[in-house]
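Analysis of the macromolecular model
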Amino acid sequence: MEPSHHPGPDVRMARLARVAGLPATWPPTDDFLHRLAERTGLRTHDLHLVADLPVPATAWLFDGTAGASSSLVSRALGLTDSGRRELRTRARSMTAPEGTLAPWRPRPYEQYPPGFGSLLLRMLALRNLNWSGTAKVMCLMSGVCKAASTIGAVGRGTKPLDAEMLDGFAAALGTPVAVLAELTGVRPSAAPRDPGPEVVATASLIWEVRHLTWDQEAELTAYAQELGGP
């Protein structure tokens, strides 16, 4: 089980400020959150979760059938740097048709107790990734291949975070392992697998497609293939 003691939001933010080389600021200002996001690779909405601040309702609007697919992720990883930039540019230019997105409603099994596992899964939920989606993305991007049920167990706190899982989550979020290690207090491996540039860029793509529909994502996957993805 994850330790029952889960530090408060001020402590969690101070840990991130320390690893980012910034003076801790509590309560966090918008400028502080922006600078912290730039230095950690996390998104401002991720930091809202860390700080127990409200996340805008629009951030939770998704097509529940979408989310970054294995095909899109694998094709993006296989592109050149310029190809990935072009793919992200195309993704940013797309907007879901009005009325096609709906508020995310966590299922009963996605109701987690406080803990770092649940915090990381809520960050991934902001990217429209459920347990299965997270497991597939993590495997492709980091080589850490776990069952969806194992991902869920981390969220529920019945499986502790360890160095291997830390590598996987860091890749899926596009942040250095040291950032998550400092935040969670989990000791990283002796040779942590920090995300490479292609992984960080693909993590950015996952963020860009979070509010697209299934059809739009399929269109983007086809475009990735045209750009030279496998």
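Structural notes, computed from the coordinates. (Residues numbered from 1 in each chain as written. Predicted model: local features only at pLDDT ≥ 70, side-chain atom pairs only at ≥ 80, totals over all residues. Heavy atoms only, no water.)

**Section: the overall build of the protein**
A count of helical and extended segments in the protein gives twelve helices and two strands. From first element to last, N terminus to C terminus, the protein shows the α and β order α-α-α-β-α-α-β-α-α-α-α-α-α-α. In summary, the protein has a C-alpha radius of gyration of 17 Å against a globular reference of 17 Å for 230 residues, a match within 12%. Seen through its principal axes, the protein has C-alpha atoms that stretch 50 × 40 × 35 Å. Expressed as a percentage of the 230 residues in the protein, the buried residues total 50%. Within the protein, counting contacts between residues at least 6 apart in sequence, those at least 24 apart form 69% of the total. For the protein, the accessible surface area stands at approximately 10,500 Å², while carbon and sulfur atoms represent 53% of it. (Helix = DSSP H or I, 4+ residues; strand = E, 2+ residues; numbered from the N terminus. Rg over C-alpha atoms; globule rule 2.2 N^0.38 Å. Buried < 20%, exposed > 50% of the residue type's maximum accessible area, 1.4 Å probe, protein only. Contact = heavy atoms within 4.5 Å. Areas by Shrake-Rupley, 256 points an atom, 1.4 Å probe, with all protein chains shown as cover.)

**Quick word on the side chain of His-48**
Structurally, His-48 can be placed in helix 3 (residues 44-50). Among the polar contacts listed, one links the side chain of His-48 to the backbone oxygen of Pro-54, at a separation of 3.2 Å. Excluding anything up to four places from it in sequence, His-48 contacts Leu-33, Leu-53, Pro-54, Val-55 and Pro-56. (Polar contact = N/O pair within 3.5 Å; in protein donor to acceptor, adjacent residues only side chain to side chain.)

**Details of the packing of helix 7 (residues 131-142) against helix 8 (residues 148-156)**
As a packed pair, helix 7 and helix 8 sit with axes 8 Å apart at the nearest point and diverge in direction by 110 degrees. Taken together, helix 7 and helix 8 sit at an angle that is classed as roughly perpendicular. Judged by the twist between their axes, the crossing of helix 7 over helix 8 is right-handed. In this structure, helix 7 uses Trp-131, Ser-132, Thr-134, Ala-135 and Met-138 to contact helix 8, whose residues at the interface are Ala-148, Ile-151, Gly-152 and Arg-156. Residues that form the contact of helix 7 with helix 8 fall into these classes: five nonpolar, three polar and one charged. (Axes fitted to C-alpha atoms, helices over the stretch in contact; angles between N-to-C directions. Parallel < 35°, antiparallel > 145°, perpendicular 65-115°, else oblique. Left-handed = near helix turned anticlockwise from the far one by under 90°. Nonpolar A, V, L, I, M, F, W, Y, C, P; charged D, E, K, R; others polar.)

**Some thoughts on helix 4 (residues 70-77)**
Here helix 4 has its buried residues at Leu-72, Val-73, Arg-75 and Ala-76. One side of helix 4 carries all its buried residues, which in axial view fall inside an arc of 165 degrees. Tucked inside the fold, the buried residues of helix 4 contact helix 5 (81-92), helix 7, helix 11 (197-208) and helix 12 (214-227). (Arc of directions from axis to C-beta.)

**Some details on the state of the cysteines**
One pass over the full model with this rule turns up one disulfide. Between the sulfur atoms of Cys-139 and its disulfide mate Cys-145 the distance is 1.9 Å. With the S-S bond torsion at 70 degrees, the cross-link from Cys-139 to Cys-145 turns out right-handed. Note on Cys-145: relative accessible area 47%, which makes it partly exposed. (Disulfide = S-S within 2.5 Å.)

**Quick look at the side chain of Ser-142**
On the secondary structure map, Ser-142 appears in helix 7. Judged by relative accessible area, Ser-142 falls into the buried class, the value being 16%. Reaching out from Ser-142, the side chain makes a polar contact with the backbone oxygen of Met-138 at a distance of 2.6 Å. A polar contact is formed between the side chain of Ser-142 and the backbone nitrogen of Val-144, at a distance of 3.1 Å.

**Quick notes on the nonpolar core**
Membership of the largest hydrophobic core comes to 68 residues, with the highest contact counts inside it found for Leu-87, Phe-169 and Leu-220. In this view, Leu-220 contacts Leu-72, Leu-87, Arg-90, Ala-91, Met-94, Leu-205, Val-209 and Leu-212; residues no more than four positions away in its chain are not counted. (Core = buried A, V, L, I, M, F, W, Y, C linked by side-chain atoms within 4.5 Å.)

**Describing helix 12**
Compared with an ideal rise of 1.5 Å per residue, which puts 14 residues at 20 Å, helix 12 spans 20 Å between its outermost C-alpha atoms and is within 8% of the ideal. Taken residue by residue, helix 12 has Gln-216, Glu-217, Leu-220, Thr-221, Tyr-223 and Ala-224 as its buried positions. For helix 12, the angular spread of buried residues about the axis comes to 160 degrees, placing them on one side. Exposed side chains of helix 12 directed beyond 90 degrees from the buried face belong to Asp-215 and Glu-226. Where the residues of helix 12 are buried, they touch helix 4, helix 5 and helix 11. Two residues or fewer past helix 12, Gly-228 is found with a positive phi of approximately 120 degrees. (Expected span 1.5 Å × (residues − 1).)

Fair warning: the whole summary comes from geometry, so function is off the table for now.
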